Amino acid sequence: MIAAGINYVHSVLGDLDETLTSSGEERLGALVELANLSSIIGNFFRTGIARASQGKFEANGPHKYPDIIARDSSCLDVEIKVALEDNKPKGHLVKPGPHIIVRYVLCADDGIFARGKQNRGSLVRVWEVRVGMLENGHFNESNTPGDSGKTAVINAEGMEALTPVFMDRDRCPWSPRGPRYKQAFQC
C-alpha cells in the first residue's frame, strides 16, 4: 500500500505536470506554495493508499481527521503528515496514534536531486516514508502570537519512534558524509 501511495503521487503529479507544461506553464511544484504542495501530496498519497487497500481503508476528505479511515476491524485509522526534504512534519494539533510520514524533494526535470534550497527544481519525488505510533510527547506545541497559529511539530524523538519503510538513497537530502545518511544506509 505504501508503494502504491508513492506511485499514485508520482503518477498523478506527472499527469498534472504534463498538462501544465504542454500549456506553457511550469510544473505544479513551481506554481504553488510549499505548504500547499505538501497538502496536495498528502491528499494524493491518502487516495493511493485507500485504492490499494482492497477495502481495508477509505480516504477521508480534505481537512478531516483522520486522513485514512479503517474499514476493517483489524486496521486502525491513520494520520498522514508530509514535509519537504528533511523538515519535521507538522500540523495544527497534537494527534497521537498511528501515523505515516511522507517526505519529498524537488528534483530537476530529469529527476536528479541536488541538495540545497538554491538547487530545488519542481519535480516532486518522495524520498522517505516512516510509519508508527506517535504519543503526546512526540510533538512540540507552539502558539506564538503573530505566528500562523497553533502548530504541533513532530520532534526528533517522534521521528525516531517511527520506522522507515521507504528511503530513496539517490534523493535523500542528508549529506552522504553525515551520520544520519551513514546510519540509514549502513555506510
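Attention in this report is confined to the structure presented alongside it.

Basis of the calculations
Residues numbered from 1 in each chain as written. Predicted model: local features only at pLDDT ≥ 70, side-chain atom pairs only at ≥ 80, totals over all residues. Heavy atoms only, no water. Helix = DSSP H or I, 4+ residues; strand = E, 2+ residues; numbered from the N terminus. Expected span 1.5 Å × (residues − 1). Buried < 20%, exposed > 50% of the residue type's maximum accessible area, 1.4 Å probe, protein only. Contact = heavy atoms within 4.5 Å. 1 Å grid on protein atoms, 1.4 Å probe; cavity = no way out; pocket = protein on both sides within 12 Å on 5 of 7 lines; lining within 4 Å. Points joined across faces, edges and corners; volume = space filled by probe spheres on them. Nonpolar A, V, L, I, M, F, W, Y, C, P; charged D, E, K, R; others polar.

Taking 1.5 Å of rise per residue, 21 residues should cover 30 Å, and helix α1 (residues 2-22) covers 30 Å from first to last C-alpha, within 8% of that figure. Buried residues of α1: G5, I6, V9, H10, V12, L13 and D17, and no others. As for α1, its buried residues are in contact with α2 (28-31), α3 (34-52), β6 (123-134) and β9 (163-167). Downstream of α1 by a residue or two, G24 has a phi angle that is positive, lying close to 90 degrees.

It is worth spelling out the layout of surface pockets at this point. Here the largest pocket is characterised by a volume of approximately 1,000 Å³. A35, S39, V82, K90 and G91 are, among the 30 residues lining the largest pocket, the residues nearest its centre. Of all the secondary-structure elements, those providing two or more residues to the lining of the largest pocket are α3, β3 (79-84), β4 (90-91) and β8 (151-154). In terms of residues, the lining of the largest pocket owes the most to one element, α3, which gives eight residues. When the residues that make up the lining of the largest pocket are grouped by side-chain class, the tally is 11 nonpolar, 11 polar and eight charged. In this structure, the second largest pocket spans a volume of roughly 340 Å³. Every residue lining the second largest pocket is counted, 14 residues in all, and those nearest its centre are R103, R130, E160, W174 and R180. Of all the secondary-structure elements, those providing two or more residues to the lining of the second largest pocket are α4 (156-161), β9 and α5 (179-184). When its residues are assigned to classes, the lining of the second largest pocket shows seven nonpolar, one polar and six charged.

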